Amino acid sequence: MNIFKKWWLKRLRFVFICSLFVIWFGTHIPAIFYGTQDLPLHMSYVGDEQSPVNGALHILQDKNLLALKDLKTVYYGPIFSMLAIPAVVIDFGEKVFFDGVRTAIDYKNFLLWDWGGVVWKLRLEAVLFGFFGLLGLYRLLYSASVNPLQRFLPVFAGTLLLALNFYYFEYASFWKHWALIIPILIWQIYFLIRFIESGFKSRYLFYSSGLFFISFGVSYLSVLFQVMWAPLIYDRYKKHDYVTLKKIFYYILSLFVSIAVIVAWHPRAFWRITGLVGSDVFD
C-alpha cells in the first residue's frame, strides 16, 4: 500500500508541476508581448530592460566580457547583461532569417528602430526564472524541516499563493532584476535548510555560493540577503560546533571572492548603489 501511495504521489507531483508551468507560461503571454511592436531603442516600458541589453550588445560587439566595464548605460551588475546575451543572439538569428539582416551593422541599425524582438525574448527568460522560483519553493515546502509529514496540500497551497502574489507575478512578466534575484533567494533558503538537514554537507554551501555569484552579479543588493545565515552561525557557535563553523567561514570567504570579482568587473554599478557616482571616483 505504501508503494502504491508513493507512486501516486510522484505522479501527482509531476502533473502538478507540468500543469503549473503551462498555466504560468500561458498567463504571462499578454505581458511578454506588451509594447514590443515597433519599439525604438530609445523607448522602454520597463527601465531594467534596456540597461542589460546595452551591456550585452557591447560584449557581443567587442567580443570581450570586460566591454561593459564602467559603461554608464549599464547600471546593474555584469551578470544581468550576460544573461541578456541569449535573447540578443536568438533575436539576431531571427532577423537574419526573416528580416534581411546580414551583418552586425545591419542588426545595429535595425535595433535603433525596433528592439521589441529582444524585449519579448528577455521576458521569456524572466518567466522561466519565475517558474524556477516556484520550483524552489515547492522543494522548500517538501523539505523534512518544513513538512515532516510530506503532505501535498500545504505544498500545493504555498506554491500557488506565491504564483498568485501580485508582485511576484508582475516581476516575472518583465526583465527586472527582482525577477531574477527573488527566485535565486528562494533556492538559497532551500539550500540552507538542506545544509542543516544533511548533517552540514558542504555541497549545499557550494550550490548557494554559485547562486550568490549570479545574484550579486545582477544586483549588488543581494549581499544583504545573506543575513539568513546569521541564526545558524549563532546556533553552531553556542554548541561549539567549530567543524561546521569552519565550513561556513569558507562559504563566507567565497562570497567575498564573488563580490571582489563582480565589483572589479563593473565597478560603476557598485558605486552607483553606494551613491558615489558623480564624485571624483569616476568624474
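Quick look at the structure, then. (Residues numbered from 1 in each chain as written. Predicted model: local features only at pLDDT ≥ 70, side-chain atom pairs only at ≥ 80, totals over all residues. Heavy atoms only, no water.)

Looking at the overall build of the chain
Next up, step 1: Of regular secondary structure, the chain possesses 12 helices and zero strands.
Next up, step 2: Put simply, the chain runs from its N terminus to its C terminus through helices and strands in the order α-α-α-α-α-α-α-α-α-α-α-α.
Next up, step 3: Principal-axis analysis of the C-alpha atoms gives the chain an extent of 65 × 50 × 30 Å.
Next up, step 4: For the chain, the residues scored as buried account for 44% of the 283 residues in total.
Next up, step 5: A separation threshold of at least 6 residues defines the contact pool for the chain, and within that pool the share at least 24 residues apart is 73%.
Next up, step 6: Total accessible area on the chain is roughly 15,300 Å²; 71% of this is exposed by carbon and sulfur atoms.
Next up, step 7: Both charge centroids of the chain, one from 26 positive and one from 17 negative side chains, sit 17 Å from each other. (Helix = DSSP H or I, 4+ residues; strand = E, 2+ residues; numbered from the N terminus. Buried < 20%, exposed > 50% of the residue type's maximum accessible area, 1.4 Å probe, protein only. Contact = heavy atoms within 4.5 Å. Areas by Shrake-Rupley, 256 points an atom, 1.4 Å probe, with all protein chains shown as cover. Lys, Arg positive; Asp, Glu negative; His and termini not counted. Charge placed at Lys NZ, Arg CZ, Asp CG, Glu CD.)

Concerning helix 5 (residues 116-141)
Next up, step 1: Given a rise of 1.5 Å per residue, 26 residues ought to cover 38 Å, and the 38 Å separating the end C-alpha atoms of helix 5 matches this to within 8%.
Next up, step 2: In terms of burial, helix 5 is a largely internal element, 20 of the 26 residues being buried. (Expected span 1.5 Å × (residues − 1).)

Concerning the side chain of N147
Next up, step 1: If you trace the backbone, N147 turns up in the loop between helix 5 and helix 6 (152-164).
Next up, step 2: Since its relative accessible area comes to 6%, N147 is described here as buried.
Next up, step 3: In this structure the side chain of N147 is engaged in a polar contact, spanning 2.7 Å, whose partner is the backbone oxygen of R151.
Next up, step 4: When neighbours within four sequence positions are excluded, N147 is seen to be in contact with L141, Y142 and V155. (Polar contact = N/O pair within 3.5 Å; in protein donor to acceptor, adjacent residues only side chain to side chain.)

Thoughts on a nonpolar patch on the surface
Next up, step 1: A surface patch of nonpolar side chains, about 520 Å² in accessible area, is lined by F21, V22, F25, I29, F33 and L128.
Next up, step 2: Inspection of the secondary structure puts F21 in helix 1 (residues 2-32). (Patch = residues over 30% accessible without salt bridge, like charges linked within 9 Å, V, L, I, M, F, W, Y side chains within 5 Å. Salt bridge = Lys/Arg side-chain N within 4 Å of Asp/Glu carboxyl O.)

Things to note about the packing of aromatic side chains
Between two aromatic rings, the relevant description is the distance of the centres plus the angle of the planes.
Next up, step 1: Under the defined criterion, the tally for this structure stands at 30 aromatic pairs.
Next up, step 2: Where W24 meets Y168, the ring centres are 5.9 Å apart and the plane angle is 40°; that geometry is what we call tilted. Taken together, the residues span a long stretch of sequence, with W24 in helix 1 and Y168 in helix 7 (residues 166-171) at a distance of 144 residues.
Next up, step 3: By relative accessible area, W24 is classed as buried at 3%.
Next up, step 4: In this structure Y168 comes out as buried when scored by relative accessible area, which is 6%.
Next up, step 5: Taken together, a centroid distance of 5.3 Å and an interplanar angle of 75° make the contact between Y138 and Y142 edge-to-face. (Phe/Tyr/Trp six-rings, centres within 6.5 Å; stacked < 30°, edge-to-face > 60°.)

Topic: the layout of surface pockets
Next up, step 1: For the largest pocket, the calculated volume is near 450 Å³.
Next up, step 2: Around the largest pocket, the lining comprises 16 residues; the ones closest to its centre are L57, Q61, A104, Y107 and K108.
Next up, step 3: Of all the secondary-structure elements, those providing two or more residues to the lining of the largest pocket are helix 2 (47-62), helix 3 (78-98) and helix 4 (104-113).
Next up, step 4: Tallying contributions element by element places helix 4 first for the lining of the largest pocket, with six residues. (1 Å grid on protein atoms, 1.4 Å probe; cavity = no way out; pocket = protein on both sides within 12 Å on 5 of 7 lines; lining within 4 Å. Points joined across faces, edges and corners; volume = space filled by probe spheres on them.)

Focus: the environment of L160
Next up, step 1: With respect to the helices, strands and loops of the structure, L160 is situated in helix 6.
Next up, step 2: According to the relative accessible area criterion, L160 is partly exposed, its value standing at 31%.
Next up, step 3: Residues L160 and F206, 46 residues apart in the sequence, show an inter-C-alpha distance of 29 Å.

Brief notes about the pattern of salt bridges
Next up, step 1: This model, assessed by the stated rule, comprises 10 salt bridges.
Next up, step 2: Here R123 ties to E49 by a salt bridge, and the two come within 2.8 Å at their closest N and O atoms. In this pair, R123 sits in helix 5 while E49 sits in helix 2, placing the two residues 74 residues apart along the sequence.
Next up, step 3: For E49, a relative accessible area of 1% gives the class buried.
Next up, step 4: For R194, the salt bridge goes to E197, with nearest N and O atoms at 3.0 Å. Of this pair, R194 and E197 both sit in helix 8 (residues 178-197), three residues apart, which is roughly one turn of that helix.
Next up, step 5: The class of R194 is partly exposed, set by a relative accessible area of 21%.
Next up, step 6: Judged by relative accessible area, which is 26%, E197 ranks as partly exposed.

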